[in-house]
Each structure stands twice: as structure tokens, then as C-alpha cells.
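Residues per chain, in single letters:
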Amino acid sequence: MPHAHLVKPGTRVRLKDYDTRENGGLDKEAGQARFAELNAELDALQEELHAAGTHSVLMVLQGMDTSGKDGAIRNVMTNLNPQGVRVESFKVPTDEDLAHDFLWRVHKVTPGKGIFGVFNRSHYEDVLVVRVHGLAPEPVWKARYDHINAFESLLADSGTIVLKFFLHISKDEQEQRLHEREKEVGKAWKLSAGDWRERELWDQYQEAYEDALSRCSTEVAPWYIVPADRKWFRNLAISEVLVDTLRGYRDHWRGALEDLSQAKLAELEAYRNLLKETGRQV
Ligand code: ADP
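Everything numeric here is computed off the predicted structure, so don't read it as measured data.

Participant: Mind laying out the overall build of the protein, listing which residues take part and the relevant values?
Facilitator: If you tally the helices and strands in the protein, you get 11 helices and 6 strands. Restricting the contact set of the protein to residue pairs at least 6 apart, pairs at least 24 apart contribute 82%. A total accessible area of about 14,800 Å² is found for the protein, and carbon and sulfur atoms account for 50% of it. Each charge class in the protein was averaged separately, 38 positive and 46 negative side chains, and the resulting centres sit 2 Å apart.

Printed below as a string of C-alpha cells:
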């Protein structure tokens, strides 16, 4: 049983129905052991993704402040070959970004074939922070759900495996994590008064997330709700989805690699034959 919750396309999400402290009946030690196994498999799958070069992966991470987006990237990506991984973080748009449509800055950095791409925040900010703070008129952000679905469908049609994760923490857990940042010198660099201000808008954000998850979970670009109060469980739930999904492509990638190897061998043989025929030596 996967531990992350797939948002079935066309269903309405109520975040309150999902327990943020879930542990899947596992203790931390068992969860971490399973996570280590999955990480090793993910490493092998990424190598095949990279070598076959027929698909790309786009993993989108969203969640409230302190929900663990950075930690998830650090842990889940640990074993991957950095040459095949691209992490993109989406900050407040620049003037140039704002002079274009909202997907302009996003499309430019989508992963090419063979690449495992991670979005730390994403185009979903344009229906989250933008909606909650009224940074664009309502008809503008409302039209974006359809634009997002069309965009992600285009990516999928071009061989991108799109997987989206909402890291679901409770308001209490967030408070605890914000206080921890104050107490620990090593974490204080992450402090931002803005995080406390955003916290006042918790309910509006949850509502905006519910709409984004409900309207934009599709067959080709599903959303998963990840119970994220326990960091080890969050990591486990994400890597399970990644490994489960990518396993489905393994035969295809192996087939592509086989074809590639055959083609290279045939090329080499043809070259050797030519050498023989012409009496040349190298
Ligand atoms: P993080 O909180 O992800 O570690 P930052 O503290 O730099 O990193 O936060 C990035 C900020 O950029 C967030 O407050 C986020 O809401 C904001 N942001 C991202 N995309 C947009 C957008 N399209 N419009 C407005 N603000 C955005």
C-alpha cells in the first residue's frame, strides 16, 4: 500500500480528511530501512532514465513554509547522479518574468530527455500565493488551472513523467518548526518574519491548495498528498511513488538501451569490415 495519497482525477480534496502525522504503521527505524532500499532502486532507475534518454521526470514539490521541501530534496535525491538531476527553485518573479505569461519562466527550465527535474515550488505559486495575496485579478488566476492542465499535458505528450507532491503538515507542526529555527543557531539562517505573516493566512492557503489539488490532478500529472509531520515518513512516501512509477518504464528503457547497444556494435563492425576491405590498419 503506497503511503502517499493519490488525488483521484476529478475528485474534491478536503485536506482536513488527511492525517498529517500518519506513520503507515511503521516505526522510524523500519521506515528508514525501507527508505534506504528504495533509494538504492531509485539510483538504478535514474541511471537507466539518463542512459535511455527517451523520457524526463518532473517532480513538483509544494507545501506550506517549513513543510520540508528542501529536506525532501536533500534526502530523496541523495543517491542520484548529480549530472542527471536539475533542481529549480521558484522565487518571487522578476520584472522580466512578469512581462510574460506565467508559464514562460517555468517552461524554460523543464527537464530535457534523460533528466530528473525537481521543482522546489513551481507554477502552482501562481494559483496559491498569487490568489491568497490578490497579486492578480480573480479571473486571471482562475483561468490558470486550465492553462496548467494543458501545459502539463503537453509535457507528458513529450515524454515527461510528471509527479506532484503536496507536503501536508499541521498548523501546530509548523509552529513548532518555526520555533525550532529560532532556538537552533544552525537553523536560524532559515528564519523569516514573512513565514509568521504567511501563517496568519493558513486557512486561505489550505483552501487554495484544495482547489489546486482538486482541479489539477490528472491521469498524466497526478497530485499526491504526503503526510509530512514526520520527516522520515515524508521521505519514504515520496520515494515509494517515484520508484513505483519509474519501475513501470524500466522495460522500455532497457529496450531502448538494448537497441542503442546493437546499433553501436553494428556501427563498429561495419567500420572494422571497411578496414579489412581496404587493407588499412589503426
Ligand atoms: P522558500 O520559502 O521556498 O525556501 P524563499 O524564502 O525564497 O524560498 O521563498 C520564495 C518566495 O517566492 C515564496 O514566498 C513564494 O511564495 C514566492 N513566490 C514563488 N513564486 C511566486 C509567484 N509566481 N508569485 C509571487 N510569489 C512567488
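Participant: Go over the site of the ligand with me, naming the residues and quoting the values.
Facilitator: Taken together, Asp65, Phe90, Lys91, Val92, Pro93, Arg105, Arg121, Glu125, Asp126, Val129, Val130 and Leu135 form the complete shell of residues around the ligand. One of the side-chain nitrogen or oxygen atoms of Arg121 is found 2.6 Å away from an oxygen atom of the ligand. Burial of the ligand by the surrounding chains reaches 70%, relative to a free accessible area of 570 Å². Taken together, the residues that form the shell around the ligand break down as 6 nonpolar, no polar and 6 charged.

Participant: Give a description of the pattern of salt bridges that names residues and reports values.
Facilitator: Opposite charge on two side chains permits pairing when their charged atoms draw close. In total, this model carries 19 salt bridges according to the counting rule given. In this structure, Arg131 and Asp211 form a salt bridge, with 2.7 Å as the shortest nitrogen-oxygen distance. Taken together, the residues span a long stretch of sequence, with Arg131 in helix 5 (residues 129-132) and Asp211 in helix 9 (residues 202-215) at a distance of 80 residues. As far as burial versus exposure is concerned, Arg131 and Asp211 are alike and both buried.

Participant: Just give me the short version of the nonpolar core, but keep the residues and values in it.
Facilitator: Among the nonpolar cores identified, the biggest contains 69 residues, and Leu61, Met77, Phe116, Tyr124, Phe165, Ile238 and Leu242 are the most heavily contacted of them. Among the elements that make up this core, the one with the highest residue count is helix 10 (residues 231-247) (7 residues). With near-sequence residues (within four places) excluded, Phe165 lies in contact with Met59, Val60, Leu61, Gln62, Trp223, Tyr224, Val226, Ile238, Val241 and Leu242.

Participant: Quick one: what's the story with a nonpolar patch on the surface, residue by residue and with numbers?
Facilitator: On the surface, Leu268, Tyr271 and Val282 cluster together into a nonpolar patch covering about 330 Å² of accessible area. Examined against the element boundaries, Leu268 turns out to sit in helix 11 (residues 250-278). Owing to a relative accessible area of 38%, Leu268 belongs among the partly exposed residues under this scheme.

Participant: Kindly report on the sheet that holds strand 4 (residues 116-120), identifying the contributing residues and their values.
Facilitator: In space, the 6 strands of this open sheet follow the order 1-6-5-2-4-3, with mixed pairing throughout. The open sheet has two edge strands, strand 1 (5-6) and strand 3 (85-89), and neither has a second partner. Bridging between strand 3 and strand 4 involves 5 bridges; their strand directions are parallel. Directly across from Arg86, in strand 4, lies its bridge partner Gly117. Against the sheet, helix 6 (residues 138-157) engages strand 2 (56-63) and strand 5 (160-168), with an angle of about 135° to strand 5.

Participant: I'd love a proper account of the domain arrangement of the protein, names of residues and values included.
Facilitator: Split into domains, the protein comes out as domain 1 (5-171 + 201-248) and domain 2 (252-282). Once you take the C-alpha centre of each, domain 1 and domain 2 turn out to be 41 Å apart. Listed as interface residues are 9 residues of domain 1 and, on the opposing side, 6 residues of domain 2. Both sides together, the interface formed by domain 1 and domain 2 hides about 670 Å², and carbon and sulfur atoms give 71% of it. Together, Glu48, Ala52 and Thr54 form the three largest contributors to the area buried by domain 1 at its contact with domain 2, with a combined 55%. Residue Glu48 is joined to Arg254 by a salt bridge in which the shortest nitrogen-to-oxygen separation is 2.7 Å. At the boundary of domain 1 with domain 2, the tally comes to 3 residue pairs in polar contact (both at pLDDT 80 or more). Of all the elements, helix 1 (residues 28-52) adds the most residues to the side of domain 1 that touches domain 2, at 5 residues.

Participant: Explain helix 7 (residues 171-183) residue by residue, including any values.
Facilitator: Taking 1.5 Å of rise per residue, the 13 residues of helix 7 would be expected to cover 18 Å, and the 19 Å separating its terminal C-alpha atoms lies within 8% of that figure. Among the residues of helix 7, those classed as buried are Glu173, Gln174, Arg177, Leu178 and Arg181. The buried residues of helix 7 occupy one face: seen down the axis, they fall within an arc of 135°. Residues of helix 7 that are exposed and angled more than 90 degrees away from the buried face: Asp172 and Lys183.

Each value, and the rule that gives it
- By convention here, each chain's residues receive numbers from 1 onward along its written sequence.
- Under the rules for a predicted model, residues below a pLDDT of 70 receive no local features and side-chain atom pairs below 80 are neither given nor counted, while totals for whole chains, interfaces and linings still include all residues.
- Only hydrogens and water are set aside; all other atoms, that is, all heavy atoms of the structure, feed into the side-chain values.
- Put simply, DSSP H or I for four residues or longer makes a helix, DSSP E for two residues or longer makes a strand, and each gets a number counted from the N terminus.
- Contact between two residues is taken to exist if any of their heavy atoms lie within 4.5 Å; hydrogens are not considered.
- Here the open area of atoms and residues is found with the Shrake-Rupley method and a 1.4 Å probe, where only the protein chains shown may cover a residue.
- Only four residue types enter the tally: Lys and Arg on the positive side, Asp and Glu on the negative side, with His and both chain ends excluded.
- Lysine's charge is taken at NZ, arginine's at CZ, aspartate's at CG and glutamate's at CD.
- Nearness is judged by heavy atoms alone; a residue qualifies as near a molecule or strand once a single heavy atom is within 4 Å of it.
- Two N or O atoms form a polar contact when they lie within 3.5 Å of each other; inside protein one atom must be a possible hydrogen donor and the other a possible acceptor, and for residues adjacent in sequence the pair counts only when both atoms belong to side chains.
- Residues are sorted three ways: Asp, Glu, Lys and Arg are charged, Ala, Val, Leu, Ile, Met, Phe, Trp, Tyr, Cys and Pro are nonpolar, and all the rest, Gly among them, are polar.
- Definition used for salt bridges: Asp or Glu carboxyl oxygen within 4 Å of a side-chain nitrogen of Lys or Arg.
- For every residue, the accessible area (1.4 Å probe, protein chains only) is compared with the maximum for its type, and the residue is labelled buried under 20%, exposed over 50%, or partly exposed between those bounds.
- Residues enter a nonpolar core if they are buried and are Ala, Val, Leu, Ile, Met, Phe, Trp, Tyr or Cys, with the set joined through side-chain atoms within 4.5 Å.
- Patch building starts from residues that exceed 30% relative accessible area and form no salt bridge, then joins like charges within 9 Å and nonpolar side chains (Val, Leu, Ile, Met, Phe, Trp, Tyr) within 5 Å.
- Here a strand pair is declared whenever DSSP counts at least two bridges between the two strands.
- Under this scheme, a helix contributes an axis fitted over its contacting stretch, all axes are lines through C-alpha atoms, and angles between N-to-C directions fall in the 0 to 180 degree range.
- Per the annotation, domain bounds derive from an automatic or database assignment of domains.
- The term buried area refers to how much accessible surface (probe radius 1.4 Å) is lost by two components on association, counted for both of them together.
- For a helix, the expected span equals 1.5 Å multiplied by the number of residues minus one.
- The reported arc concerns the directions from the helix axis to the C-beta atoms and nothing else.

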